[in-house]
Amino acid sequence: MKSAIRPRLGVNVDHVATVREARGTHYPEPVTAASLAELAGADQITIHLREDRRHIQDRDVRLLRETVETRLNLEMGATREMLEIADDIQPDMVTLVPERREEQTTEGGLDVVGNASRLADYLSELSECGAHLSLFIDPDPDQIAASARLDVDIVELHTGDYCEAAGPFTNAHRPSNFDRKQELKRLREAARVADSLDLVVAAGHGLDYKNVLDVAAIPQFEEFNIGHSIVSRAVLVGFEQAVREMIDALHTGRRTALELL
Ligand code: PXP
């Protein structure tokens, strides 16, 4: 039964590198944060090597490959350069994400429906690196069905619209275009569809210590990739503590699902 599955946490350490790159120093090291996250119970370390190298650098990827003891999930755009890097590094998991240079963070999921044949070719080459393959997509049944046809292992459903609706800024100063209940329903239905197609279902983007509770209560979500909120809390309470608190939040959310059974 899916609700009995312990939700796994992938800690995204990109923004440790963001702090370092802001000053061009050699600290803080994402590799140190990754080790602390693992000591605190993280199940996976996630990094996004962006084309513009705004945070994670090639050196970070190499160091993390050598030191991560759980699972290394490399997020990347579907480009030739990234294919070569994945082939060289051999991460445990690759998540393909859309990437536009001007965006602040990953905005919107991959259009698998519109790029099915190009992605099929790309995934067939990528599979040679031996990694589990994941696609970061919107919680949309058509995108999920198209992903299942490409035979990937995992879909990570974009939680950005839900998080925007659920955020503390959904007030007169920064009204959201999204309705929280509606977005949660969308995530619930999408997770059910993905699970019925035998895909592992992950969630990511914009999740924090509060809005994650309702998503963790959706039993089909097995994995959560969370970065900005954990790194932000780590600045105040330390990295291990911040990771432990997120693991607690995932478990609290999942318990709600069990109690409703
Ligand atoms: N998952 C994917 C695919 C992402 O692109 C990102 C952002 O890099 C995250 C998860 C983490 O998002 P956040 O930093 O908002 O927790």
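Residues numbered from 1 in each chain as written. Predicted model: local features only at pLDDT ≥ 70, side-chain atom pairs only at ≥ 80, totals over all residues. Heavy atoms only, no water.

Our next topic: the pattern of salt bridges. What the rule picks out here adds up to 19 salt bridges. The residue R59 makes a salt bridge to E29 at a minimum N-O spacing of 2.9 Å. One end of the pair, R59, is in helix α3 (residues 58-67); the other, E29, is in the loop between α1 (14-23) and α2 (30-39), with 30 residues separating them in the sequence. Accessibility expressed as a relative area gives 21% for E29, which makes it partly exposed. Measuring nitrogen to oxygen at the nearest pair gives 2.4 Å for the salt bridge that ties R233 to E245. Of this pair, R233 sits in helix α10 (residues 228-237) while E245 is found in helix α11 (residues 239-259), placing the two residues twelve residues apart along the sequence. Take R233: its relative accessible area is 29%, and that puts it in the partly exposed class. The network of salt bridges with shared partners includes R20, E21, E29, R59 and D60. (Salt bridge = Lys/Arg side-chain N within 4 Å of Asp/Glu carboxyl O. Helix = DSSP H or I, 4+ residues; strand = E, 2+ residues; numbered from the N terminus. Buried < 20%, exposed > 50% of the residue type's maximum accessible area, 1.4 Å probe, protein only.)

The grouping of E84, D87, D88 and E128 at the surface amounts to a negative patch. Note that E84 resides in helix α4 (residues 80-89). (Patch = residues over 30% accessible without salt bridge, like charges linked within 9 Å, V, L, I, M, F, W, Y side chains within 5 Å. Areas by Shrake-Rupley, 256 points an atom, 1.4 Å probe, with all protein chains shown as cover. Lys, Arg positive; Asp, Glu negative; His and termini not counted. Charge placed at Lys NZ, Arg CZ, Asp CG, Glu CD.)

On the surface, a nonpolar cluster with roughly 330 Å² of combined accessible area is contributed by V235, L236 and V237. Mapped onto the elements of the fold, V237 is located in helix α10. For V237, a relative accessible area of 40% puts it in the partly exposed group.

The next point concerns the sheet that holds strand β4 (residues 93-96). Sheet architecture is closed into a barrel: eight strands sit in the order β1-β2-β3-β4-β5-β6-β7-β8, paired in parallel fashion. The sheet shows a mean angle of 25° between the axes of neighbouring strands, taken without regard to direction. With five bridges connecting them, strand β6 (residues 154-158) and strand β7 (residues 200-204) associate as parallel partners. Of the residues in β7, the one forming a bridge with I154 is V200. Against the sheet, α11 touches β1 (8-12) and β8 (221-226), its axis set at about 145° to β1. (Pairing = 2+ DSSP bridges. Axes fitted to C-alpha atoms, helices over the stretch in contact; angles between N-to-C directions. Contact = heavy atoms within 4.5 Å.)

The next thing to look at is α11. In this model α11 runs 31 Å from its N-terminal to its C-terminal C-alpha over 21 residues, within 8% of the 30 Å that 1.5 Å per residue would give. The complete set of buried residues in α11 reads F239, A242, V243, M246, I247, A249, L250, G253, R254 and A257. Viewed along the axis of α11, the buried residues span an arc of 155°, placing them on a single side of the element. (Expected span 1.5 Å × (residues − 1). Arc of directions from axis to C-beta.)

One finds L96, L126 and F239 to be the most contacted residues of the largest nonpolar core, which totals 75 residues. Setting aside residues up to four positions removed in sequence, F239 forms contacts with V11, V13, V16, A33, L36, A37, I230, V231 and A234. (Core = buried A, V, L, I, M, F, W, Y, C linked by side-chain atoms within 4.5 Å.)

Our next topic: the pairing of β8. Among the six residues of β8, six are classified as buried, and the element is accordingly described as predominantly covered. With four bridges joining them, β7 and β8 adopt parallel strand pairing. Following the sheet pairing, G204 is matched in β8 by N225.

For the rest of this paragraph, the subject is the packing of aromatic side chains. All told, the structure shown has one aromatic pair when counted by the stated rule. Ring geometry for F221 and F224: centres 6.0 Å apart, planes at 50°, overall tilted. Among the residues examined, F224 registers a relative accessible area of 0% and is labelled buried. Looking at R233, its charged tip hangs above the ring of Y209, at a distance of 3.6 Å from the centre. (Phe/Tyr/Trp six-rings, centres within 6.5 Å; stacked < 30°, edge-to-face > 60°. Lys NZ or Arg CZ within 6 Å of the ring centre and 35° of its normal.)

Our next topic: the pairing of strand β5 (residues 132-137). With five of six residues buried, β5 lies mostly within the body of the structure. Two strands pair when backbone bridges link them, and β4 and β5 are joined in this way by four bridges, in the parallel orientation. Across the sheet, V94 pairs through a bridge with L133, a residue of β5. Examined bridge by bridge, β5 and β6 share four bridges and lie parallel to one another. Its bridge partner being in β6, L135 is matched across the sheet by V155. This β-α-β element, β5 to helix α6 (residues 141-149) to β6, shows right-handed connectivity. (Right-handed = clockwise from strand over helix to strand, strands pointing away.)

Attention now moves to the packing of α2 against α11. The N-to-C vectors of α2 and α11 enclose an angle of 45°; their axes lie 8 Å apart at closest approach. Comparing their axes, α11 and α2 come out oblique. Handedness of the α2/α11 crossing: right-handed. Contacts between α2 and α11 pair A33, L36, A37 and L39 from the former with F239, E240 and V243 from the latter. Looking at the contact of α2 with α11 residue by residue, the classes come out as six nonpolar, no polar and one charged. (Parallel < 35°, antiparallel > 145°, perpendicular 65-115°, else oblique. Left-handed = near helix turned anticlockwise from the far one by under 90°. Nonpolar A, V, L, I, M, F, W, Y, C, P; charged D, E, K, R; others polar.)

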